[in-house]
Amino acid sequence: MLAVHLVSFFFSKLQEDPTKKVDRFLHAMRLHDEQLSDISARFQAEMKKGLSRESNAAAAVKMLPTHVRSTPDGSEKGQFLALDLGGSKFKVLQVKVREDKGIKKGGVEIEEKTYPLPKEVLNGRGTELFDHVSESLKDFLHEKNIDTEKKHPLAFTFSFPCEQPSLDQGFLLGWTKNYRVRGLQGKDVVDALRQAIDRTGGMDMEVLAMVNDTVATMMTCGFDDQNCEVGVIIGSGTNACYMEQLSNVDLVEEDEGQMCVNTEWGAFGDDGALDDYITEFDREVDACSTNPGKQIFEKMVSGMYLGELVRLVVLKMAKLGLLFDGRVTNALRTKGKITTAHVAAMEEYKPGLNNTREILESLQLSPSLDDCIAVQHISTIVSFRSSNLVAAGLAAILTRMKKTRNLRELKITVGMDGTVYKIHPQYPKRLHKVVRQLLPECHVRFVLSESGSSKGAALVTAVAQRLASRKRQVDETLSPFRLSQEQLQLVKARMRAALEAGLKTKGPSAVKMLPSYVYRTPDGTEHGKYLALDLGGTNFRAMLVNFKKCVQQNTRMYHKIYSIPLEIMQGTGEELFDHLAQCVGDFLDYMGMKNARLPAGFTFSFPCEQTALDTGTLVSWTKGYKATNCEGQDVVNMLREAIRRRNDFDLDIVAIVNDTVGTMMSCAYEDPQCEVALIAGTGSNVCYMEDVENIEKTKEHVRKASEDQDMLEGDEKDEQDGEEHHGEADFSKMCINTEWGGLGDDGSLDDIITPDDIEVDQNSINPGKQRFEKLTSGMYLGEIVRHVLLNLTRRGLLFRGYVTEALKTPGIFETKYLSKIESDRLALLQVRLILKQLGLDGTCVDSIIVKEVCGAISRRAAQLCGTGMASVVDKIRENRGLDHLKITVGVDGALYKLHPHFSRILQETTQVLAPQCDVTFMPSEEGSGKGAALIAALSKNMLD
């Protein structure tokens, strides 16, 4: 009794200020920024839990994948029928998207009809519900004179939590919003709808998409604002969805692109996460609901419950004598007598107090002015808490999007819908303000959905049709790049024929099969200091290599790299070789060895005809070189002449070596089984050890070299008798530089060459030449990708059809971008950043297509290289009459070493096409320079 008197006394002191009395009574509902940040952090943790496959089953916030992969881009069009089921009534609509020239309002025209849902249907069986829906749909078709013989695409907005394995399936997890329909929980509601349409008969419907009303809201707003990637409903119920990176959605196998996730945030707190923020009034609302313990967050914020929360607070205060002089009426005790519409009316700016008085009087109360002010303030606190909680949840979503996209600031639009948001005079302003307080670094625009969720469902269907059509056209574009096993076998056979033809004395061959006059690989006894010079791209490298007497000891190497300016690459031959001589002189100065006449090996990575180890006549330039007066000349002599013109140092150039040969020698120094080498970088080439008896064009040279060696051995026989002699030459094999990049120059690859390949070839400096290299090497792959992207854009399949100057610029899409874009660890947003650096501003869907284009072209390159390699190793096996060959291939080149998938695809293709060969691929650590030094050492040892 004493306690009651004390309460009455305490509150009597506050009678002069009714709002303070309410503030004290509802202090637990007044949330501060720190509390909202705490709630936001808790919701972020719940989102993470719901997205994980391991923890989803136990998560209150289910984070349901919707299989909606893209927001509208403005190009959608078509006619759709739509059903909208989610409240006490449902709608049937016809939605025309950009179908007629006369359509206004953003290109969408809607005709609709609302049908009631009788109470017995809402509490009946699932078949009865969907039969009613289907019969209403048929009525709509007849009323609007829509052709029932024609097949119509149908979109279905179904505003209840569903698990969706695909866009056109939805398994009901549970009813909300007072629905109690039996026999549908756990069932596919789309299938139930299809069956009902079949039972009704007389309609031909294709249900293409089922979406939640929140997703539909996002899509509706996204049609007019392409930054809209979030949807929020605050009406009878509440929910939010947003576009999440697929790599973060464990419940879906794919990891490329984005997908809209339906958070089902109304269940936030069902696991106790909000217990310390729940008031006695929330507990009472929950206990009296149709689903106690469920949808806790929704019961704190949504329109179905706000009026009831206000009623319970008013009732409690009246019972305590704090309102209406303690008078309580039966109407005030009756559930549902105060609605959310009443709450909104009480908070109107000017008529709010009068509205409050009228509402209270309708409950048979006789309120004073202070009573009206107090009840109005109760409504404000309850609705303000609702907007604060929604702001905290939305801030969590936006924070996650910002973090997962690795952005310093986020510019985004949020699509809004729901009766609370629409009819409450203060709600939107409060919500916007709190979101911006919690996330000052985000630029958030709020857009009201004016056409409801039905338009959004139709747009989901339109987007799905657009994406399917685009995918089909992209697949058709990339189909010529995707080679079948039969095509690869044909290429293997053509490569083999070209290898054989190139070894013959007479007859043309696109694959030149150039003898290197390297007769053996290192045996580990090479020692001494040698100079290696390496020219093969935009750089020239000078190296000093010191081989120790024992192979187990570390070889010591020193080098400097010099750039070759474009004007030198494409100037005169004399200027080019003078520049090389200057670089060599600088290097010898740097090493303090200008007076030493060192033996040198010259790696020259262009096709040369050789008649001896130290002569090389340039057949043709490749890789962008066009220096004049070089083709048909001995490049070793040209370098010697340039050194003589300088007259400040001398070199003993004992060998000219292709980079492929140098790579083989470098790897063979480590692995004696290495008898093949592959360059997969700026250019593409292979060399291998061929049986001399098969090389018709060199038989005379080999015979003379063998006789010269016999004479040397005869003169020194007595000295070497009984001693191990490592310098003996074995002339049974010779390394052949295949120059396989020329395969196809005779038209033998025309059946796999695409129009994009033809454009790249025609715009190159050597049209019609090096056709195989132009399909497989780093100099050209990026340019092929650019041409494909350009053609796709011109057809409206990429970058919204906008062809930028950057996309028209030859060479801008370097092959290094393929390696970056195809990295498994690279998120699509990072792909977008790479594209943006290139002046290509695309969506995530654009990024997926770009990645797909890069993958198709690099995969073809790797497969073709693997096919060529299979031809080479099979030839070696057959040369040696073996059932099974075990061999090592030395490899160099940035494409092989840096591209994330090239090496794997190449190896897999080789294994499939040469199953009788066990091929080990060995990356070259020091490149071809060390190999040139080894060949110089071999040459010197043979002559010593």
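Relevant structure appears above.
What counts as what
- Residues numbered from 1 in each chain as written.
- Predicted model: local features only at pLDDT ≥ 70, side-chain atom pairs only at ≥ 80, totals over all residues.
- Heavy atoms only, no water.
- Helix = DSSP H or I, 4+ residues; strand = E, 2+ residues; numbered from the N terminus.
- Rg over C-alpha atoms; globule rule 2.2 N^0.38 Å.
- Buried < 20%, exposed > 50% of the residue type's maximum accessible area, 1.4 Å probe, protein only.
- Contact = heavy atoms within 4.5 Å.
- Areas by Shrake-Rupley, 256 points an atom, 1.4 Å probe, with all protein chains shown as cover.
- Axes fitted to C-alpha atoms, helices over the stretch in contact; angles between N-to-C directions.
- Parallel < 35°, antiparallel > 145°, perpendicular 65-115°, else oblique.
- Left-handed = near helix turned anticlockwise from the far one by under 90°.
- Nonpolar A, V, L, I, M, F, W, Y, C, P; charged D, E, K, R; others polar.
- Disulfide = S-S within 2.5 Å.
- Salt bridge = Lys/Arg side-chain N within 4 Å of Asp/Glu carboxyl O.
- Pairing = 2+ DSSP bridges.
- Core = buried A, V, L, I, M, F, W, Y, C linked by side-chain atoms within 4.5 Å.
- Phe/Tyr/Trp six-rings, centres within 6.5 Å; stacked < 30°, edge-to-face > 60°.
- Lys NZ or Arg CZ within 6 Å of the ring centre and 35° of its normal.

1. Remarks on the overall build of the chain
A count of helices and strands for the chain gives 33 helices and 26 strands. Expected size for 944 residues packed as a compact globule is a radius of gyration near 30 Å; at 39 Å, the chain overshoots this value by more than 25%. Overall, the chain is about 130 × 70 × 50 Å in size when its C-alpha atoms are taken along their principal axes. The buried share among the 944 residues of the chain stands at 58%. A separation threshold of at least 6 residues defines the contact pool for the chain, and within that pool the share at least 24 residues apart is 72%. By element, 48% of the accessible surface of the chain is carried by carbon and sulfur atoms, the whole surface being about 39,400 Å².

2. Focus: the packing of helix H14 (residues 369-404) against helix H16 (residues 427-438)
Running from N to C, H14 and H16 point in directions that differ by 40 degrees, and their axes come no closer than 8 Å. On the basis of the axis angle, H14 is oblique to H16. Crossing geometry of H14 relative to H16 is assigned as right-handed. Judged by residue contacts, Thr380, Ser383, Phe384, Ser386, Ser387, Asn388, Val390, Ala391, Ala392, Leu394, Ala395 and Leu398 of H14 engage Tyr427, Arg430, Leu431, Val434, Val435 and Leu438 from H16. Taken together, the residues that form the contact of H14 with H16 break down as 12 nonpolar, five polar and one charged.

3. Concerning the environment of Glu441
Examined against the element boundaries, Glu441 turns out to sit in the loop between H16 and strand E13 (442-448). Residues contacting Glu441, with those up to four places away along its chain left out, are Lys402, Arg408, Glu409 and Leu410.

4. Thoughts on the state of the cysteines
Within this structure, the stated rule accounts for zero disulfides. Free cysteine: Cys667, not disulfide-bonded; nearest cysteine sulfur from Cys674 at 5.0 Å.

5. Thoughts on the pattern of salt bridges
Between side chains of opposite charge, a pair can form when the charged atoms approach closely. Across all of its chains, the model carries 51 salt bridges by this definition. Across the pair Lys560 and Asp586 runs a salt bridge whose closest N-O atoms are separated by 3.1 Å. Placement of Lys560 in strand E17 (residues 556-563) and of Asp586 in helix H20 (residues 573-591) is noted, with a sequence separation of 26 residues between them. A relative accessible area of 25% places Lys560 in the partly exposed class. The exposure class of Asp586 is partly exposed, given its relative accessible area of 33%. Here Glu783 and Arg786 are joined by a salt bridge, their closest N and O atoms 2.7 Å apart. Taken as a pair, Glu783 and Arg786 lie in helix H27 (residues 778-794) at a separation of three residues, close to a single helical turn. Accessibility classification places Glu783 together with Arg786 in one group, the buried group. Each of Lys492, Arg496, Glu500, Glu690, Asp874, Lys875, Arg877 and Glu878 takes part in one network of salt bridges that share partners.

6. Examining the sheet that holds strand E11 (residues 258-262)
A sheet is described by the order of its strands in space; here six strands give the open sequence E1-E11-E10-E9-E12-E13, paired in mixed fashion. One side of each edge strand has no neighbouring strand; the edge strands of this open sheet are strand E1 (64-65) and E13. The sheet contact formed by strand E9 (residues 228-234) and strand E10 (residues 238-245) spans five bridges and is antiparallel. When the sheet's bridge partners are listed, Ile234 is paired in E10 with Thr238. Along the sheet face, H16 touches E9, strand E12 (410-417) and E13 and points at about 160 degrees away from the line of E13.

7. Section: the sheet that holds strand E2 (residues 78-85)
Across the sheet, which stays open at both edges, the five strands sit in the order E4-E3-E2-E5-E8 with mixed pairing between neighbours. Across the chains shown, the open sheet's two edge strands, defined by having one partner strand only, are strand E4 (108-116) and strand E8 (205-211). Neighbour to neighbour, the strand axes of the sheet diverge by 20 degrees on average, direction disregarded. Sheet topology note: the strand E3 (residues 89-97)/E4 ladder contains nine bridges and is antiparallel. In the strand pairing of E4, Gln94 is matched with Glu111. Across the sheet, helix H5 (residues 126-143) touches E2, E3, E4, strand E5 (152-158) and E8, and the angle it forms with E4 is around 130 degrees. Against the sheet, helix H7 (residues 213-224) engages E3, E4, E5 and E8, with an angle of about 95 degrees to E8.

8. What about the packing of H5 against helix H6 (residues 189-200)?
Interaxial distance between H5 and H6 falls to 8 Å at its minimum, and their mutual angle equals 60 degrees. Here H5 lies oblique to H6, going by the angle between them. Relative to H6, the crossing made by H5 is right-handed. For the pair H5 and H6, contact is made by Thr127, Phe130, Asp131, Val133, Ser134, Glu135, Leu137 and Lys138 and by Val189, Ala192, Leu193, Ala196, Ile197, Arg199 and Thr200, respectively. Each residue belonging to the contact of H5 with H6 can be placed in one class, and the counts come to eight nonpolar, three polar and four charged.

9. Things to note about the nonpolar core
One finds Val676, Leu678, Phe813, Val850, Val853 and Phe902 to be the most contacted residues of the largest nonpolar core, which totals 110 residues. When residues in this core are grouped by element, the largest group, 15 residues, is from helix H30 (residues 844-879). Contacts of Phe902, omitting those with residues within four sequence positions, involve Ala680, Thr776, Ser858, Ala861, Ala862, Cys865, Leu895 and Tyr896. Core analysis: the next-biggest nonpolar cluster, separate from the first, contains 89 residues, Ile234, Val285, Ile397 and Val444 among them.

10. Considering the packing of aromatic side chains
Inspection of every chain in the model, using the stated rule, returns 24 aromatic pairs. The interplanar angle of 65 degrees and the centroid separation of 5.9 Å between the aromatic rings of Phe158 and Trp175 together place this pair among those described as edge-to-face. Remark: Trp175 occurs in the loop between strand E7 (171-172) and H6 and Phe158 occurs in strand E5; sequence separation between them is 17 residues. Its relative accessible area of 0% is what places Phe158 among the buried residues. Taking 6.1 Å as the distance between ring centres and 50 degrees as the angle between the ring planes, the aromatic pair formed by Tyr530 and Phe547 counts as tilted. With Tyr530 in strand E15 (residues 528-535) and Phe547 in strand E16 (residues 539-547), this pair connects stretches of sequence that are 17 residues apart. Judged by relative accessible area, Phe547 falls into the buried class, the value being 2%. Ring-pair connections join several aromatic residues into one group, and the members of that group are Phe130, Phe156, Phe158, Phe160, Trp175 and Tyr179. The side chain of Lys560 reaches across the aromatic face of Tyr590, ending 4.8 Å from its centre.

11. Some remarks on the side chain of Thr622
Locating Thr622 in the fold gives a position in the loop between strand E20 (617-618) and helix H21 (635-646). You can call Thr622 buried: its relative accessible area is 4%. Apart from residues lying up to four places away in sequence, Thr622 is in contact with Ser605, Phe606, Pro607, Gln770 and Glu773.

12. Examining the environment of His527
Looking at the secondary structure, you find His527 in the loop between strand E14 (514-515) and E15. In sequence terms His527 and Ala937 are 410 residues apart; their C-alpha atoms lie 7.1 Å from each other.

Remember that the coordinates give geometry; whether it matters functionally is a separate question.
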